[in-house]
Number of protein chains: 2
Amino acid sequence: MSGDAVGVGLIGLGTIGTGVAKVLAGNASVITQRLGFPLRLVRIADLDLETDRGIDLEGIRFDSDATGLIEDPEVSIVVELIGGYDVARRFTLQAIDRGKHVVTANKALLAKHGKEIFEAAAKRGVDVAFEASVGGGIPILRSMREGLAANRILSLHGIMNGTTNYVLTEMEKTGEAFEVVLKRAQDLGYAEADPSFDVDGVDAAHKLTLLVAMAYGAELTDADIPTEGIRGLTPLDFDAAAEFGYRIKLLGIAKRHEGPDGIERIEARVHPTMIPRESLLASVDGAMNAIAVNGDAVGPTLFYGAGAGEMPTASAVVADLMEIAREIRRGSAGRVAPLSYVPAHLERKPLVPPGESASRCYLVFSADDRPGVLGQIASVLGEHGISIQSVIQQGRARSATAVPVVVLTHPAVEASVRSAIAEIDALPEVTAATRLVRIEEDL
Amino acid sequence: MSGDAVGVGLIGLGTIGTGVAKVLAGNASVITQRLGFPLRLVRIADLDLETDRGIDLEGIRFDSDATGLIEDPEVSIVVELIGGYDVARRFTLQAIDRGKHVVTANKALLAKHGKEIFEAAAKRGVDVAFEASVGGGIPILRSMREGLAANRILSLHGIMNGTTNYVLTEMEKTGEAFEVVLKRAQDLGYAEADPSFDVDGVDAAHKLTLLVAMAYGAELTDADIPTEGIRGLTPLDFDAAAEFGYRIKLLGIAKRHEGPDGIERIEARVHPTMIPRESLLASVDGAMNAIAVNGDAVGPTLFYGAGAGEMPTASAVVADLMEIAREIRRGSAGRVAPLSYVPAHLERKPLVPPGESASRCYLVFSADDRPGVLGQIASVLGEHGISIQSVIQQGRARSATAVPVVVLTHPAVEASVRSAIAEIDALPEVTAATRLVRIEEDL
């Protein structure tokens, strides 16, 4: 079990890439003890050869020649950490074509081009590993793929984007508006200058795509996932949530339904969600991530940790390198199908049409404070089969004539909720678009 | 990747064994889709052939002949679920000797005879898997062994015994005494008739032994782990904990220390512990388990789920069966060293002597309510270098002359605390043995 090193090539020496170099150097002894042989970073490619990353690159070839790195016979595993779609896709496919195994943290790439990449890898007999792409350092993909592999996954609920969780935590704590908190998060470096990828739920949808593939062997892309971000939330929503015993989190949600025909249908969506304050998931604050997975045998589980950042993400990348290196030393690959199901079974599964999913809803109506408005709203809801659980009508606003009416519903079908909202928003007394936050109770 | 089934033999058809049979039957389709071939339960051995377990055993040979099962050429993997030490050890070694892989949930067996069993397995080239032995259905061992393999594990804190966590949760909630809650737990089936294995921390120490082996490649047995149970806790302790912002949990704790000589030393202990109320671990209630692991790269993580029970434990056993079955179909075994470090590196590592560990302490002194007693206690603590952070002296008790004095200390060395307590307990004014609960802040 001892012997020569397995060679690693790293494309992209940004934050995560630097973390990978640090872990490989700093924890070389423990990595070697666990593997029985060393992992060696032999080559790095990046366009920026100038910036000092504060790491010792002695003995490592460092240039801008990614293709040369891929072709280098000393490189057995290529780590793709450049992000984005086109160039990352090209290098990844090129590496696979040259028979190199690939480790990536690029959920966007896999959510868009996963099918092409996994098929190419299967054909060429190489591994593609991507633990770092969901939940940062949390070994959630490995746990779905192996630890919970005996289960039918009934549901999963994940806080998978640290930026939005930080913003939501701050909004709740300070009572400040979204824009104010976002600005501060940007100043602190917790949010990007263009935050849309995070705050609009796109990043969470990419990650959910991978989790759903892992959980159900279902091929889907982020285009299949109805996605709502957190821009619409107001301080009122956090106050109301607290009053009802909830906290608001941006969740990626997937559920398994089995029809009377025995056919499995998958429901997947990303949106801000009210969840019971006492649930473990509700206690996940700041930039941390957690994924709650409910399996038919194991019951409720939760996996918590840093969802991003240099060292946590590097922890996951190096775990993947170790797994693949073991396979290389054993002269094999493809031990576990990358998406948990053997390729022949990774298929497009029936999805629950977005309009058919059902949940309890928190609704905020903005209406002129005239007698009868609440009655009108209630009748429209009733006509659409939506039953009201409780109502808070704020005392008459001091200076405004419009008051928010907060309604909690019993479980209601999405399409009915949408129609009812459209009808209500067309009422002359309604002064602003109705806000909707879905509620999940079973966590 | 498809083809003939891998045959499984099950020794022990109790609660967990029945769960394993249920998962293998009920989730056969998802297991087959993930593996690319079926797992087949071909044979069961148990002394009790009469009890109806409510499962369909058609096509499965069921008798009391464990040796016959082990010898059966159709059985490639033996699942040992009889518990206890001697018979379990004999069957396990016998199975290994016959070249069969073994899956077990028996932490007691591994904590006592792990060295012998793992050495025999390594020699014979077979796998021994035991995910179910720690944290029930939580894939914590897999996560330590692979998901977090790139990390030096700085610390781990685990709620690893559901019975004690249930008792502690109830004591806190009801204010009732230990004996009252234990009796109810026994009536409800949450605690055994003889609860000592659980409430004295023995079970947690067995599990910690395995986690420490996994985390540090350190060979140790439960005899190396200072262990205290929860029998001594009183309602006062829960009130005081709440007042100071803590909750009380029975934790298995392991920490890595690195001396100035660069030598790694491991600290491991099991005892009731006060932890910050707002920590995620403090929110783990009832019979649930959770293990918080802090790695040098990944930072804080937490793994939560059911730590026991028929189906959660079966989930872990079947995950192990799937992992080994994959290896069998690939014509190999021993992919990852069972204790994470390759055998050559599983060694007795230096332990931190129990007296040298340090923590903040909660101390309850019972003393006659005479002027000067607190002063006396404070001076003894001071003489031993123990510095007081805060004191609560309860108002004079109505009918008693003895009042409890509650002291929170700054971090203090265990040996000094022990000496100080011995000296204080010898004071004539002290009416009962001093109680000590250690505090952990960094979770």
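Only a predicted model underlies this, so the values are computations on that prediction, with no experimental measurement involved.

## A few points about the overall build of chain A
Right, so step 1: Helices and strands together make up the secondary structure of chain A, namely 14 helices and 16 strands.
Right, so step 2: For 443 residues, the compact-globule estimate of 2.2 N^0.38 gives 22 Å, and the C-alpha radius of gyration of chain A, at 24 Å, lies within 12% of that figure.
Right, so step 3: On the principal axes, the C-alpha backbone points of chain A span a range of 80 × 55 × 35 Å.
Right, so step 4: A burial count over chain A gives 53% of its 443 residues as buried.
Right, so step 5: Contacts in chain A between residues far apart in sequence, at least 24 positions, make up 76% of those at least 6 positions apart.

## Some remarks on the confidence of the model for chain A
Right, so step 1: This prediction gives chain A a mean pLDDT of 93; 96% of its residues lie at or above 70.
Right, so step 2: Reported confidence for the predicted complex is 0.95 by ipTM and 0.96 by pTM.

## Some details on the packing of helix H5 (residues 107-124) of chain B against helix H10 (residues 202-216) of chain B
Residues and elements named next belong to chain B.
Right, so step 1: For the pair H5 and H10, the least separation of the axes is 8 Å and the interaxial angle reads 60 degrees. Our classification of the angle between H5 and H10 gives oblique. Crossing of H5 against H10: the hand is left-handed. Contact residues: H5 offers Lys 107, Ala 108, Leu 110 and Ala 111, while H10 offers His 206, Lys 207, Thr 209 and Leu 210.
Right, so step 2: The residue makeup of the contact of H5 with H10, split by class, is 4 nonpolar, 2 polar and 2 charged.

## Observations regarding the sheet that holds strand S5 (residues 101-104) of chain A
All names here are of chain A.
Right, so step 1: Spatial ordering of the open sheet is given by S3-S2-S1-S4-S5-S6, a layout of 6 strands whose pairing is parallel. Sheet topology places strand S3 (61-63) and strand S6 (128-129) at the edges, where each strand pairs with a single neighbour.
Right, so step 2: Pairing between strand S4 (residues 77-80) and S5: 4 bridges, direction parallel. Bridged to Val 78 within S5 is Val 102.
Right, so step 3: Packing of helix H12 (residues 310-329) onto the sheet brings it into contact with strand S1 (6-11), strand S2 (39-45), S4, S5 and S6, and relative to S5 it is tilted by some 165 degrees.

## Re helix H11 (residues 235-244) of chain B
Residue and element names in this part refer to chain B.
Right, so step 1: Those residues of H11 not exposed but buried are Asp 237, Phe 238, Ala 240 and Ala 241. Summarising the axial view, the buried residues of H11 lie within an arc of 165 degrees, below the 170-degree limit, and thus occupy one face.
Right, so step 2: Phi turns positive one or two residues past the end of H11, at Gly 245, with a value near 85 degrees.

## Structural notes on the relation of the copies chain B and chain A
Right, so step 1: Once chain B has been moved 0.0 Å along the axis and rotated by 180 degrees, it coincides with chain A to within an RMSD of 0.0 Å. Classification of the inter-copy transformation places it as that of a two-fold axis. Proximity to the rotation axis, assessed at the C-alpha, singles out B:Phe303 in chain B; its C-alpha lies 2.5 Å from the axis.
Right, so step 2: Mapped onto chain A, 100% of the interface residues of chain B again fall at the interface, so both copies present the same surface.

## Description of the interface of chain B and chain A
Right, so step 1: Each side of the interface is counted separately: chain B has 51 residues, and chain A has 51 residues.
Right, so step 2: Broken down by secondary-structure element, the contributors of at least two residues to the side of chain B that touches chain A are helix H2 (28-35), helix H6 (140-147), strand S11 (299-306) and helix H12 (310-329) of chain B.
Right, so step 3: The residue makeup of the side of chain B that touches chain A, split by class, is 26 nonpolar, 17 polar and 8 charged.
Right, so step 4: Sheet topology note: the strand S11 (residues 299-306) of chain A/S11(B) ladder contains 3 bridges and is antiparallel. Looking across to S11(B), one finds that A:Leu302 is bridged to B:Tyr304.

The rules behind each value
- Residues numbered from 1 in each chain as written.
- Chains lettered and ligands numbered in written order.
- Predicted model: local features only at pLDDT ≥ 70, side-chain atom pairs only at ≥ 80, totals over all residues.
- Helix = DSSP H or I, 4+ residues; strand = E, 2+ residues; numbered from the N terminus.
- Rg over C-alpha atoms; globule rule 2.2 N^0.38 Å.
- Buried ≥ 20, exposed ≤ 12 C-beta atoms within 10 Å, placed from the backbone.
- Contact = placed C-beta atoms within 7 Å.
- pLDDT = per-residue confidence, 0-100.
- Axes fitted to C-alpha atoms, helices over the stretch in contact; angles between N-to-C directions.
- Parallel < 35°, antiparallel > 145°, perpendicular 65-115°, else oblique.
- Left-handed = near helix turned anticlockwise from the far one by under 90°.
- Nonpolar A, V, L, I, M, F, W, Y, C, P; charged D, E, K, R; others polar.
- Pairing = 2+ DSSP bridges.
- Arc of directions from axis to C-beta.
- Least-squares fit on C-alpha atoms with pLDDT ≥ 70 in both.

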